[in-house]
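Structure at a glance
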Amino acid sequence: MKYRSVFDIIGPVMIGPSSSHTAGAARIGLLARKLFGTRPKKANVTFYGSFAKTYKGHGTDIAIVGGILGFDTFDQRITQSLSIAKDSNMEVSIHVSDDIPNHPNTARIILDDGRNKRLSVCGISVGGGKMEITEVDNFPVRVTGDMPTLFVWHEDRYGLVAAVSEVLAAHKINIGYMEMARKSKGAEALMVIETDQAVSGAICKEICELSYVNRVSSTPAL
């Protein structure tokens, strides 16, 4: 991984004790929350590898729930996140898995609004408070949260990438990086686009109105 400044090595301003097990976990939870869009009714968290073995001692559960509540790494409320979640009627379930992950600091989050909205996110804490989202709704992705990111759930159809790109170009939104994931040819797919500028709700709505687009969400740079 490339570091852009000394602060990427030192880590973020954070509630401790560990940049990997606390700050990185909080940022995984925070991006999941930003992607979900609202406070969920239920949050199911599964820890793997080192997270599974040490999450209680390092406060990884407190950190990731704080992120899901929308708290940044430096927010003092993170220390009370489990009680805040309970008081706000957000049902939290913490699990550990013996499955061997590709990265030792891995967490899977499933968010549910209690009605018909559900999101699954898998993320890894890579050190120095940095993280990567490696999976969204079972689609393999690579999202760092360093840039504003647009997520487009859609059917795999010819010309759709160009149609989304045209909408962004019309609003002078520059694309820095784009990746596509699909479950099979012509089936459900996910478009992930990092942009230089934040994508507004109005632009998301315009993209959502395109044929074969099912859902659109955008996250700011964390």
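An unreviewed UniProt entry annotates the chain as L-serine deaminase originating from Aneurinibacillus danicus. Quoted straight from UniProt, the Sequence similarities (unreviewed entry) entry for the chain says "Belongs to the iron-sulfur dependent L-serine dehydratase family."

**Observations concerning the UniProt feature "domain: ACT" (unreviewed entry) in the chain**
The UniProt record marks residues 149–218 with the feature "domain: ACT" (unreviewed entry), using the residue numbering of this structure. Within residues 149–218, the helical portion is 27% and the strand portion 41%, while the C-alpha atoms at the span's ends are 6 Å from each other.

**So, the packing of helix α6 (residues 160–170) against helix α7 (residues 201–208)**
α7 packs onto α6 with a crossing angle of 150 degrees between their chain directions and a minimal axis gap of 10 Å. Here α7 runs roughly antiparallel to α6, going by the angle between their axes. For the element pair α6 and α7, the recorded crossing hand is right-handed. Facing V164, V167 and L168 of α6, the residues of α7 in contact are I203, E206 and I207.

**So, the pairing of strand β6 (residues 139–143)**
A one-sided burial pattern is seen for β6, the buried positions being F139, V141 and V143 and the unburied ones P140 and R142. A loop of two residues connects strand β5 (residues 130–136) with β6, the two strands running antiparallel in sequence, and D137 in this loop sits at a positive phi of about 50 degrees.

**Some remarks on the sheet that holds β6**
Strand order in the open sheet made by the six strands is β2-β1-β3-β4-β5-β6, with mixed pairing throughout. Only two strands of the sheet have a single neighbouring strand rather than two, namely β2 (91–96) and β6. Taking the axes of each pair of neighbouring strands and ignoring which way they run, one obtains an average angle of 20 degrees across the sheet. Bridge analysis of strand β1 (residues 42–48) against strand β3 (residues 105–112) gives seven bridges, and the strand direction is antiparallel. Note that in β3 the partner of Y48 across the bridge is T106.

Criteria and cut-off values
Residues numbered from 1 in each chain as written. Predicted model: local features only at pLDDT ≥ 70, side-chain atom pairs only at ≥ 80, totals over all residues. Heavy atoms only, no water. UniProt positions renumbered as here; feature names shortened; annotations may be inferred. Helix = DSSP H or I, 4+ residues; strand = E, 2+ residues; numbered from the N terminus. Axes fitted to C-alpha atoms, helices over the stretch in contact; angles between N-to-C directions. Parallel < 35°, antiparallel > 145°, perpendicular 65-115°, else oblique. Left-handed = near helix turned anticlockwise from the far one by under 90°. Contact = heavy atoms within 4.5 Å. Buried < 20%, exposed > 50% of the residue type's maximum accessible area, 1.4 Å probe, protein only. Pairing = 2+ DSSP bridges.

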